[in-house]
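# Structural characterization, general
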Amino acid sequence: MLNDEYEMVYFDGDDLFAVNRPRGLPIGNLTSQFWANVVLNPLDHLIKRQLRVPGYVRYVDDMLLFGDSKAELHTSRQVVIDQLADLRLTLHANTAQVRPTSTGIPFLGFQVFPDHRRLKRRKGIQAQRHLKGLVRRHRADKIGREHIKASVVGWINHVRYGDTWGLRSSILQKVVV
């Protein structure tokens, strides 16, 4: 299944069994934040101490680098790619691009602008579908109200960091359990 979803990346020194090696960081389990910090700590030090990037944010495996010079950011991007290759990791080439902040930067499910944050459209659609599925399962007596409440509260606690008041109202008004 993984071979269908991800293009295999080979590193120097790989052998025939490299295809069976796990890929990426273990995102999704309880220790993922810890292991991301352990594995990516050398990268953090490189970016802040050697490259001296003026603005750097990383949450687990999502990172943003900010600077005033496009050329410096392109150079930093290549250094990060090289450092990650030493860790046997790669960047998503289509999303790891140098761009102005005025156009909005995708980060943690939001499109982040200098003066506001919007939830990505696909995340709103995904939430609506998930909520409809929960209601359907509740009406079939497969789950209780507490399960729905926990899911909705978790989603609200995530999306409240964006400008989502209208979206939350719109989605939640459609649901009566």
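Keep in mind it's a predicted model, so treat the numbers as computed, not measured. (Residues numbered from 1 in each chain as written. Predicted model: local features only at pLDDT ≥ 70, side-chain atom pairs only at ≥ 80, totals over all residues. Heavy atoms only, no water.)

## Looking at the sheet that holds strand S4 (residues 110-112)
Consider a sheet: its strands pair through backbone hydrogen bonds, and that pairing is either parallel or antiparallel. With respect to topology, 3 strands assemble into an open sheet ordered S3-S4-S5, the strand pairing being antiparallel. In this open sheet, the two strands that pair with only one neighbour each are strand S3 (105-107) and strand S5 (117-119). Between one strand axis and the next, the sheet turns through 30° on average, direction left out of account. Direction of pairing for S4 relative to S5: antiparallel, over a ladder of 3 bridges. From the neighbouring strand, Gln111 faces S5, where its bridge partner is Arg118. (Pairing = 2+ DSSP bridges. Helix = DSSP H or I, 4+ residues; strand = E, 2+ residues; numbered from the N terminus. Axes fitted to C-alpha atoms, helices over the stretch in contact; angles between N-to-C directions.)

## So, the pairing of strand S1 (residues 55-59)
Where S1 lies against strand S2 (residues 62-66), 5 bridges are found, and the strand directions are antiparallel. Following the sheet pairing, Gly55 is matched in S2 by Phe66. Counting the residues that bridge the hairpin from S1 to S2 gives 2 residues, and of these Val60 lies at a positive phi of roughly 55°.

## Here we look at a positive patch on the surface
A contiguous patch of positive charge on the surface is contributed by Arg129, Lys132, Arg136 and Lys174. Within the secondary structure, Arg129 is located in helix H4 (residues 121-139). Residue class for Arg129 comes out exposed when judged on its relative accessible area of 63%. (Patch = residues over 30% accessible without salt bridge, like charges linked within 9 Å, V, L, I, M, F, W, Y side chains within 5 Å. Areas by Shrake-Rupley, 256 points an atom, 1.4 Å probe, with all protein chains shown as cover. Salt bridge = Lys/Arg side-chain N within 4 Å of Asp/Glu carboxyl O. Lys, Arg positive; Asp, Glu negative; His and termini not counted. Charge placed at Lys NZ, Arg CZ, Asp CG, Glu CD. Buried < 20%, exposed > 50% of the residue type's maximum accessible area, 1.4 Å probe, protein only.)

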